[in-house]
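The residues making up each chain are set out below.
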Amino acid sequence: LYLASILGSWLVLCTFTDAGMALTWLNLLHAAATFPLLHWFRTQKFDKQNIYDDGGEPLTYWEQIDNGKRWTNTRKGLLITPVVLYLAASNSVDFSRQPLLLNLLAMLGLLIPKLKDQ
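Attention here is on the structure that accompanies the text. (Residues numbered from 1 in each chain as written. Predicted model: local features only at pLDDT ≥ 70, side-chain atom pairs only at ≥ 80, totals over all residues. Heavy atoms only, no water.)

Turning next to the overall build of the protein. In terms of regular secondary structure, the protein is built from five helices and two strands. Counting from the amino terminus, the protein carries its helices and strands in the arrangement α-α-β-β-α-α-α. Buried positions account for 32% of the 118 residues belonging to the protein. Contacts spanning at least 24 positions in sequence make up 53% of the contacts within the protein whose residues lie at least 6 apart. (Helix = DSSP H or I, 4+ residues; strand = E, 2+ residues; numbered from the N terminus. Buried < 20%, exposed > 50% of the residue type's maximum accessible area, 1.4 Å probe, protein only. Contact = heavy atoms within 4.5 Å.)

Here is the structure:
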């Protein structure tokens, strides 16, 4: 579903611009959407035993994925996706039209918070 939504978003963006710049827009929009959702908003941990337990501190969604286990397939997929989007966006269009710095900042903005707790 995640990859299908990325592909669908790219196809929609292709209707407004060429395919190469659509990848740049997709990279930037992906970073703008997933950074707050994964690393900024904090929620209480929801588990079946302690649904109403207020003892723990709120965690981000990234901290809650797979109960905090490191290097699971889910985490690896969410870690690789910004890199793939960056590489696709950076190499898909002529460099004179490409905002490489924005693409790089979008990728680093998603990778650094993911790696800091590893």
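There is more to say after this.
Positionally, His30 belongs in helix 2 (residues 19-40). Take His30: its relative accessible area is 8%, and that puts it in the buried class. Side-chain polar atoms of His30 contact the side chain of Tyr2, separated by 2.5 Å. Ignoring any residue separated from it by four or fewer positions in sequence, one finds His30 in contact with Tyr2, Ile6, Thr81, Pro82, Leu85 and Leu110. (Polar contact = N/O pair within 3.5 Å; in protein donor to acceptor, adjacent residues only side chain to side chain.)

Ile6, Leu13, Ala22, Leu23, Leu26, Leu85 and Ala89 form the largest nonpolar core, which has seven residues in total. Going through the elements one at a time, helix 1 (2-14), helix 2 and helix 4 (73-91) are the ones with two or more residues in this core. Element by element, the count of residues in this core is highest for helix 2, at three residues. (Core = buried A, V, L, I, M, F, W, Y, C linked by side-chain atoms within 4.5 Å.)

With that settled, the discussion passes to the pattern of salt bridges. Scanning the entire structure with this criterion turns up one salt bridge. As a salt-bridge pair, Arg42 and Glu63 come within 3.6 Å of each other at their nearest N and O atoms. Here the residue Arg42 occupies a position in strand 1 (residues 42-43), and Glu63 occupies one in helix 3 (residues 61-64), the gap between them amounting to 21 residues. A residue is classified by how much of its surface remains accessible, and Glu63, at 26% relative accessible area, is partly exposed. (Salt bridge = Lys/Arg side-chain N within 4 Å of Asp/Glu carboxyl O.)

Take Asn103: it is sitting in helix 5 (residues 100-116). Among the residues examined, Asn103 registers a relative accessible area of 0% and is labelled buried. In this structure the side chain of Asn103 is engaged in a polar contact, spanning 3.0 Å, whose partner is the side chain of Asn27. Filtering out sequence-adjacent residues up to four positions away, Asn103 remains in contact with Thr24, Asn27, Leu28, Tyr86, Ala89, Ser90 and Gln98.

Without other data, these values stay purely geometric and don't point to any function.
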